[in-house]
Amino acid sequence: MTVIDPPATLDQARQFGLSEDEFKRACRIMGRTPNFTELGIFSVMWSEHCSYKSSKVWLKKLPTTGARVICGPGENAGVIDIGDGDAAIFKMESHNHPSFIEPYQGAATGVGGILRDVFTMGARPIANLNALRFGSPAHPKTRHLVDGVVRGIGGYGNCVGVPTVGGECNFHPSYNGNILVNAMTVGLARSSRIFYSAAAGPGNPVIYVGAKTGRDGIHGATMASAEFSEDSESKRPTVQVGDPFTEKLLIEACLELMESDAIVAIQDMGAAGLTSSSVEMAGKGGLGIELDLDRVPTRETAMSPYEIMLSESQERMLMILKPERAELARRIFEKWELDFAVIGRVTDSGRLVLTMHGQTVADMPVGPLVTEAPLYERPWTPAPALPGLAAKGVAAREPIAALKQLVACPDLASKRWIWEQYDHLVMGHTVQRPGGDAAVVRLPGRKKALALATDCTPRYCAADPKRGGAQAVAENWRNITAVGATPLAITDNMNFGNPERPEIMGQFAQSIEGMREACLALDYPVVSGNVSLYNETNGSGILPTPVIGGVGLIDDAAKAVTLAFKRAGEIVVAIGETTGWLGQSLYLRELLGREDGSPPPVDLKAERRNGDFVRAQILAGAVTSCHDVSDGGLLIALAEMAMAGGIGATVAAPQDQPAHGFWFGEDQARYVVTCRAADALLQAAQKANVPARVVGKTGGDALTLAGGNAISVAELKHLNEAWLPAYMAQ
Amino acid sequence: MQAAIILFPGSNREQDVHDALKRATGKEPLRVWHRDSDLPKADLIVIPGGFSYGDYLRCGAMAAHSPIMREVKARAETGTPVLGICNGFQIVTEAGLLPGVLLVNRTLRFHCKDVHLRVETSQSVYTRRYNAGQVIRVPVAHHDGNYFADKDTLDRLEGEGLVAFRYCRSDGEIDDDANANGSARAIAGILNEKRNVLGLMPHPEDATDPLLGSTDGQGFFASLAEALA
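Only a predicted model underlies this, so the values are computations on that prediction, with no experimental measurement involved.

J.: Any chance you could explain the overall build of chain A here in plain terms?
T.: Counting its regular elements, chain A contains 25 helices and 28 strands. Taking 730 residues into account, the globule formula puts the C-alpha radius of gyration at 27 Å, and chain A, at 26 Å, falls close to it. In terms of overall dimensions, chain A has a C-alpha envelope of 90 × 50 × 45 Å along the principal axes. Within the span of chain A, comprising 730 residues, buried residues form 65% of the whole. Accessible surface computed for chain A: about 23500 Å², of which carbon and sulfur atoms make up 51%.

J.: Explain empty space enclosed by the protein here, please?
T.: Any empty space left between atoms is shown by rolling a water-sized probe over those atoms. Residue and element names in this part refer to chain A. Counted according to the given criterion, the structure contains 6 cavities of 30 Å³ or more. Counted as a void, the largest cavity has a volume near 120 Å³. Looking at the second largest cavity, its volume works out to about 90 Å³. Taken together, N170, F171, H172, Y175, D411, C456, T457, P458, R459, L543, R589 and D631 make up the full set of residues lining the second largest cavity.

J.: When you look at the nonpolar core in this model, what are you seeing that I'm missing?
T.: Side chains that are nonpolar tend, in soluble globular proteins, to be buried together. If you look at the biggest cluster of nonpolar residues, it comprises 92 residues, and the most contacted ones within it are F333 of chain A together with L44, F165 and F220 of chain B. Here this core takes 9 residues from helix α10 (residues 244–258) of chain A, the largest share from any one element. With near-sequence residues (within four places) excluded, F220 of chain B lies in contact with L83, Y126, Y130, F165, L198, L200 and P204 of chain B. Formed by 59 residues, the second largest nonpolar core is a distinct cluster that contains M515, L522, A557 and C675 of chain A.

J.: I tried to follow the state of the cysteines on my own but got confused; where do I start?
T.: In a disulfide, the sulfur atoms of two cysteines are held together by a covalent bond. Residues and elements named next belong to chain A. Under the criterion given, the structure shown has 0 disulfides over all chains. Left without a disulfide partner, C169 is nearest to the cysteine sulfur of C409, which lies 12 Å away. Owing to a relative accessible area of 5%, C169 belongs among the buried residues under this scheme.

J.: Help me understand the packing of aromatic side chains, please; the structure alone is not making it clear to me.
T.: For any pair of aromatic rings, geometry is given as the distance between the ring centres together with the angle between the planes. The full count for this structure, using the stated rule, is 19 aromatic pairs over all chains. Seen from their ring centres, F16 of chain A and Y306 of chain A are 5.6 Å apart, and the 15° between their planes marks the pair as stacked. Remark: Y306 of chain A occurs in helix α12 (residues 305–310) and F16 of chain A occurs in the loop between α1 (10–15) and α2 (20–30); sequence separation between them is 290 residues. Ring centres 6.0 Å apart and planes at 10° place the aromatic pair F89 of chain B and Y147 of chain B in the stacked group. Of the two residues, F89 of chain B sits in helix α4 (residues 87–94) while Y147 of chain B sits in strand β8 (residues 146–148), which places them 58 residues apart along the sequence.

J.: When you look at the interface of chain B and chain A in this model, what are you seeing that I'm missing?
T.: Counting residues at the interface gives 27 residues for chain B, matched by 32 residues for chain A. Between chain B and chain A we count 5 salt bridges in total. Its salt-bridge partner being D147 of chain A, residue R109 of chain B comes within 2.7 Å of it at the nearest N-O pair. On the surface where chain B and chain A come into contact, there are 15 residue pairs in polar contact (both at pLDDT 80 or more). Elements with a minimum of two residues in the side of chain B that touches chain A: α1 (14–25), β6 (111–119) and β7 (135–142) of chain B. Counting residues per element, the side of chain B that touches chain A draws most heavily on β6 of chain B, at 4 residues.

J.: I keep staring at the environment of E337 of chain A and nothing clicks. Help me out?
T.: Within the secondary structure, E337 of chain A sits in the loop between α13 (326–335) and β11 (339–347). Overall, the relative accessible area of 48% leaves E337 of chain A in the partly exposed class. Along the chain, E337 of chain A and M641 of chain A lie 304 residues apart, while their C-alpha atoms are 49 Å from each other. If sequence neighbours within four positions are ignored, E337 of chain A has contacts with H34 and R35 of chain B.

J.: Just to check I follow, could you spell out helix α21 (residues 604–619) of chain A for this structure?
T.: Residues and elements named next belong to chain A. The end-to-end C-alpha distance of α21, which contains 16 residues, comes to 22 Å, matching closely the 22 Å that a straight helix rising 1.5 Å per residue would cover. Taken residue by residue, α21 has L604, A606, E607, N610, G611, F613, V614, R615, Q617 and I618 as its buried positions. Between a side-chain oxygen at the N-terminus of α21 and the backbone nitrogen of K605 the separation is 3.1 Å; the capping residue is D603. In the segment just after α21, G621 is the residue with positive phi, at about 75°.

J.: What am I meant to see in the side chain of R378 of chain A here?
T.: Residues and elements named next belong to chain A. Note that R378 resides in the loop between α14 (366–371) and α15 (399–407). We note that R378 is buried and unpaired, the nearest opposite charge coming from E48 at a distance of 4.3 Å. There is a polar contact of 2.6 Å between the side chain of R378 and the side chain of S54. Ignoring any residue separated from it by four or fewer positions in sequence, one finds R378 in contact with E48, S54, P499, E500, M505 and Y534.

J.: Which parts of the structure should I look at to understand the side chain of D455 of chain A?
T.: Residue and element names in this part refer to chain A. In this structure, D455 sits in strand β16 (residues 449–455). The charged side chain of D455 is buried without a salt bridge, its nearest counter-charge being R133 at 7.4 Å. Of the polar contacts made by the side chain of D455, one reaches the side chain of N476; its length is 3.0 Å. In this structure, D455 is in contact with E168, A472, E475, N476, N479, P546, V547 and I548, ignoring residues within four places of it in sequence.

J.: I would appreciate a short explanation of unusual backbone geometry in the present structure.
T.: For residues that are not glycine, phi is negative in most cases, and the peptide bond is trans in most cases. Positive phi, close to 90°, is recorded for M427 of chain A, a residue that is not glycine. One can find M427 of chain A in the loop between α16 (416–419) and β14 (430–432). Of note, the phi angle at L108 of chain B is positive, near 65°, even though the residue is not glycine. Structurally, L108 of chain B is set in the loop between β5 (101–103) and β6.

J.: Help me understand the pairing of strand β11 (residues 197–200) of chain B in this model?
T.: Within a regular strand, side chains alternate between the sheet's two faces. Residue and element names in this part refer to chain B. Side chains V197 and G199 project from β11 onto one buried face, and the interleaved L198 and L200 project onto a second face that is buried too. Note that strand β4 (residues 82–85) and β11 share 4 bridges and pair parallel. Note on β11: the bridge partner recorded for L83 is L198. Relative to β11, strand β10 (residues 187–191) is paired through 3 bridges, and the arrangement is antiparallel. By the bridge assignment, G189 is partnered in β11 with L200. In this antiparallel pair of consecutive strands, β10 and β11, the connection spans 5 residues, and R195 shows a positive phi of 65°.

J.: Can you help me understand the confidence of the model for chain B in this one?
T.: Predicted coordinates in regions of low pLDDT should not be interpreted in detail. Looking at chain B, the pLDDT average stands at 96 and 100% of residues meet or exceed 70. What the predictor reports for the complex is a pTM of 0.96 with an ipTM of 0.97.

J.: Help me out: how do you make sense of the pairing of strand β27 (residues 702–705) of chain A in this one?
T.: All names here are of chain A. Judged from the 3 bridges that link them, strand β24 (residues 649–651) and β27 form a sheet pairing that is parallel. Of the residues in β27, the one forming a bridge with V651 is L705. Across 3 bridges, the pairing between β27 and strand β28 (residues 710–712) is antiparallel. Bridging across to β28, T704 finds its partner in A710.

J.: Mind showing me how you'd approach the pattern of salt bridges here?
T.: Close approach of charged atoms allows side chains of opposite charge to pair. Residues and elements named next belong to chain B. If you walk through the whole model with that rule in mind, you get 72 salt bridges over all chains. As a salt-bridge pair, E28 and K22 come within 3.1 Å of each other at their nearest N and O atoms. In this structure, E120 engages R166 in a salt bridge whose closest nitrogen and oxygen atoms are separated by 2.9 Å. Linking E120 in the loop between β6 and β7 with R166 in strand β9 (residues 163–168), this pair joins segments that are 46 residues apart in sequence. By relative accessible area, R166 is classed as buried at 12%. Three or more residues joined by partner-sharing salt bridges are found here, namely R118, E120, K151, D155, E158, R166 and R185.

J.: Looking at this structure, how should I read the sheet that holds strand β3 (residues 86–94) of chain A?
T.: Sheets are built from strands paired through backbone hydrogen bonds, the pairs being either parallel or antiparallel. Residues and elements named next belong to chain A. As summarised here, the arrangement of the 6 strands in space is β1-β2-β3-β6-β4-β5, forming an open sheet in which the pairing is mixed. Looking at the sheet topology across the chains shown, the edges are occupied by β1 (69–71) and β5 (164–171). Between one strand axis and the next, the sheet turns through 20° on average, direction left out of account. With 9 bridges joining them, strand β4 (residues 124–134) and strand β6 (residues 180–190) adopt antiparallel strand pairing. The residue of β6 that forms the bridge with L129 is M184.

J.: Looking at this structure, how should I read the sheet that holds strand β13 (residues 359–365) of chain A?
T.: All names here are of chain A. As summarised here, the arrangement of the 7 strands in space is β8-β10-β7-β11-β9-β12-β13, forming an open sheet in which the pairing is mixed. A single partner strand is all that each edge strand has here, and the edge strands are β8 (263–268) and β13. With strand direction ignored, the average angle separating the axes of adjacent strands in the sheet is 20°. Each of β7 (205–210), β10 (316–321) and β11 touches α13; the most contacted strand, β11, lies at about 150° to it.

Cut-offs used in this document
- Residues numbered from 1 in each chain as written.
- Chains lettered and ligands numbered in written order.
- Predicted model: local features only at pLDDT ≥ 70, side-chain atom pairs only at ≥ 80, totals over all residues.
- Heavy atoms only, no water.
- Helix = DSSP H or I, 4+ residues; strand = E, 2+ residues; numbered from the N terminus.
- Rg over C-alpha atoms; globule rule 2.2 N^0.38 Å.
- Buried < 20%, exposed > 50% of the residue type's maximum accessible area, 1.4 Å probe, protein only.
- Areas by Shrake-Rupley, 256 points an atom, 1.4 Å probe, with all protein chains shown as cover.
- 1 Å grid on protein atoms, 1.4 Å probe; cavity = no way out; pocket = protein on both sides within 12 Å on 5 of 7 lines; lining within 4 Å.
- Points joined across faces, edges and corners; volume = space filled by probe spheres on them.
- Core = buried A, V, L, I, M, F, W, Y, C linked by side-chain atoms within 4.5 Å.
- Contact = heavy atoms within 4.5 Å.
- Disulfide = S-S within 2.5 Å.
- Phe/Tyr/Trp six-rings, centres within 6.5 Å; stacked < 30°, edge-to-face > 60°.
- Salt bridge = Lys/Arg side-chain N within 4 Å of Asp/Glu carboxyl O.
- Polar contact = N/O pair within 3.5 Å; in protein donor to acceptor, adjacent residues only side chain to side chain.
- Expected span 1.5 Å × (residues − 1).
- Lys, Arg positive; Asp, Glu negative; His and termini not counted.
- Pairing = 2+ DSSP bridges.
- pLDDT = per-residue confidence, 0-100.
- Axes fitted to C-alpha atoms, helices over the stretch in contact; angles between N-to-C directions.

Okay, structure coming up:
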């Protein structure tokens, strides 16, 4: 077979982001110099985004198995068993680079992509979450980026009718040139009806469904694998354009087809489009694929093979069907007014063969494209250890004055302005809405519910990546626990700078190490994930941000508790040990302008013990509200409970430690709970070897420090709610 | 009572209203695809929320010209109750079953949150279990819910008691802050002259389950179940 087009050059390879070694490797695999189209395919398959070439050796260290795990990393999304024949399918994915260049479409297509990863596997998406990181509020671009990203996420999620139930949003100057937009989707399927991507059955038809292919997003995966410089604006053409209406139709059509036995394998066309979907399907099945590119539905004329293969046009899927069911499938997709085209067939040749206008335009071995992708053990250096900070050596501020400043700071201010722009109620199962520790979404027709949260504390990760990695997992586990659910598994989204710099690779390696320890100690395996590297502009990287998206289960949604104080006269109990750890605290940063010290230690045994205790108390009906203690410390947690319930409290710090450390230290493994009478709870805690201390009593319309100052709940609410809307209105 | 829910490509709150109707009536509503030529016999026709045809043209404009809407209009004229919620309200106004139009919210943003509504009339199959003046709390979730009509139309709606719901404060007072989308005269829902067609932006169907925060929408579906039994 003769392949047309002249051989590609090393210069072209470099433009595509391949190194000289990688180009040579491609030539060796081919037994000749690849042509332009083939080189394009190599470059996207071997991009950091698709190949995980810098991260794979580290990702392998994460625990990915467990009694609940049906399918771990490697498929479109992770699958866990949630009982009764039900499975939860979920994953988180970044759309960082495109969202900085074009925030609306970048964020919107991020949501679209992650939805497809989940319904591809046979699940109806039932919840979306997101984790957002923006630059300093004072940076001139930040407001525009917040506005566009929020509109984009809302525009897409609201239209497809999947509730956006939770997430997080932080601001820090390290994200000035590289914002982070991480989107997570959770879907529900029958555990006996999961769909995978491995091709099977030589001769079976390869079907293209969904939207038409255009010239948008070509080389998006390559862009996402490089640093930004001043000219990143010129990369706007590599950002895709989303069409949530088509996505909605695609969801309904795919789920309708999945009711039948027609599908052999299915894969969405995400990063690297038709290239990665066809290569991955063939690779996993150990087979080959032939595609006739003349049959690919296009919306622009005269598209080249290279453009068709590398387009990242959205809302497209690739399927392999049983031949006798192809007509049934065609009728379903025509009902939903979507394109349906047989574009090729599965072969046993082990090769990807592309034809167009009667000529062979590419012919390359599938196996080596995947298995011989470059893999790097990049050099890394550990982050220098930072000293602890004793509260005694940190300036003390009057606690109520400090509280007023903290509740209004960008990281702690209410994000209501954001989540009210997301439809968080559609589908009618949102038991706990955004704003709490975890969202609670009941499963249709069942009593049980999933608890969902995303977490990361990047300033901890920067100061001590290992501790920060462990803390992200632990805080996520704690948030799921705080509503009464049992944490089951996580997805991770690893956002870092340039891995070719040893200190960045060190952040990555050590974060993984911390995550690994926490996942093992908490029985919280990683079932899916995504890596986003090169989040740098002109050599300046982001804070290391390994975001954890967690899924937990509660058997009876009616037993879940919220953080809101429920009524006056209840006892407020702090669970867990408070040493007054101020290193890397928000108190230090927001009041004293310091970002120093080591972050709080993560005692995973205590984390587990305290969490298991709290969950048991919630499920036994012994506590009326519960909130985890994290950013800002104990007084912030109390203020948040008061604001949510519209009820005040009188609270006291012990005499034997500095008040600012007690109220604002960020020791881990802590919760605040309320109960009608504390005796039984305190006794049970003592028996379980869990530190518990009465800190006050609910009531009144102010948060009052015994023997000290007070602030009305109304003023707290005003301070907490005012910042973001006022900032966005400027 | 047999309800039929009309589905357009892009409808997305059909399950919510389906569940609320089933809870209130015990009977499974029918689902009718917009291209089905026959509209089955039904005591209530529901056009649910969503983004029909992506709302890429004016909200509801494409769906309003769908063939099945001719049949819906014919049924409405013979007195069959027709309920349009959110995108359904936009569709029935575009189809001419109700006067006025839904403009973009005055904030130019999508809003999903609980609001308070004052029930303005109990004289309809949708509101008979409420008292006029009663305040209920239900969610809204829309980008284009800013009701607009000319002065004569608004005067006529008010004069004939066709305003069904208004946005209000928790104490029932009408004020500008409580009217987040900027609707004319704080109108959240209206009836036609025959009082059988109701369009409203809020979602009573998402306030019918104690676990979900409010049960104030139960009266709405209990009214229908009672009136159309």
